[in-house]
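Reading the structure
Each chain, written out:
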Amino acid sequence: MWQGVISVLFPKRCIGCEDIIPKSQNFLCDVCSARLPFTEIPLGKENLLYEKINRISETEYASSLLFFKKDNLTQKLIHYLKYKNLPELGEWLAEIWVEKNRNNPALNEIETIIPVPIHPKRLKNRNYNQISLCVKKLARLLDCKYDETILIRTHHLESQTESGKYDRLKRMKGAFQLTNEKPGHYLLVDDVHTTGATLISCTEELLKIKDAKVSVFTLAMTD
């Protein structure tokens, strides 16, 4: 009874347009779902994200699911993921990405999936790492190991939104630290690729492991 009353008083709404949607529907109405700006970049080497990261750091493969622009639908999704306590959005986007890469042999090479770590101070303020549920879902779907301890963040930095690319790279140098050196092929996962400073810093630290390989997946990327 009370669930019915609550659903009437507080109906589920589309994140994109705020129209009421069925309780069983995932975050967006059908119209907004059709407007999602997919990059169509599979996990691989011949794509824009791979080129951007490998100008500085050496990754095995790279992929991103959505294009991120100011005020577009992707920005709304990432905002809800990070600041509106909706980390389950990441699980939904993980399912979409895996489905799009269903026949991609590169997925078979991944052994361990790890989230980009956040500093304990930020974790305390936010109460969750926005990407953790996404990574756990990927590990289940791909039958891989999940490891959130191999890499820790040692430096807390304020928002770098207004910083330029090279300033970010400089500030991020040494921001992460390994806790063990177990070799393998790691898939490093983050929410958004902008300058790539965070991903590059993480990748360089992971590549200190002998015989390690690192691939990268982000939910979104700027073009």
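Structure report, in brief. Just so you know, these numbers come straight off a predicted model, no measurement behind them. (Residues numbered from 1 in each chain as written. Predicted model: local features only at pLDDT ≥ 70, side-chain atom pairs only at ≥ 80, totals over all residues. Heavy atoms only, no water.)

Describing the packing of aromatic side chains
The condition is simple: Pairing of aromatic side chains here covers Phe, Tyr and the six-membered ring of Trp, requires ring centres within 6.5 Å, and sorts the geometry by plane angle: under 30 degrees stacked, over 60 edge-to-face, intermediate tilted. Secondary structure follows DSSP: runs of H or I at least 4 residues long count as helices, runs of E at least 2 residues long count as strands, and numbering of each begins at the N terminus. Criterion for a charge above a ring: Arg CZ or Lys NZ at most 6 Å from the ring centre, at most 35 degrees from the ring normal.
One pass over the structure, following the stated rule, counts two aromatic pairs. Ring plane angle 45° and centroid distance 5.5 Å describe the contact between F27 and W92, whose orientation is recorded as tilted. In this pair, F27 is assigned in the loop between α1 (2–9) and α2 (30–34) and W92 in helix α5 (residues 88–100), connecting sequence segments 65 residues apart. For K100, the ring lying beneath its charged end belongs to F38, and the centroid distance is 4.2 Å.

Describing the side chain of T39
Note the cut-off: Burial classification: accessible surface area is computed with a 1.4 Å probe over protein chains only, and a residue below 20% of its type maximum counts as buried, one above 50% as exposed, and the rest as partly exposed. Whenever two N or O atoms come within 3.5 Å, that pair is a polar contact, provided that in protein one can donate a hydrogen and the other can accept it, and provided that, for residues adjacent in sequence, both atoms are side-chain atoms.
Residue position: T39 is located in strand β1 (residues 38–44). On the basis of relative accessibility, which here comes to 11%, the residue T39 falls in the buried class. Of note is the side chain of T39, whose polar atom sits 3.1 Å from the backbone nitrogen of I41. A distance of 2.4 Å separates a polar side-chain atom of T39 from the backbone oxygen of S64.

Brief notes about the pairing of strand β2 (residues 62–67)
Consecutive residues of a regular strand have side chains that alternate between opposite faces of the sheet. Which entries qualify depends on this criterion: Here, any two strands with at least 2 DSSP bridges between them count as paired.
A large share of β2 lies buried, amounting to five of its six residues. Where β1 meets β2, three bridges bridge the pair, whose relative direction is antiparallel. Bridge pairing in β2 places F38 opposite L66. Inspection of the sheet shows β2 paired to strand β8 (residues 213–221) by five bridges, in the parallel sense. Across the sheet, A62 pairs through a bridge with V216, a residue of β8.

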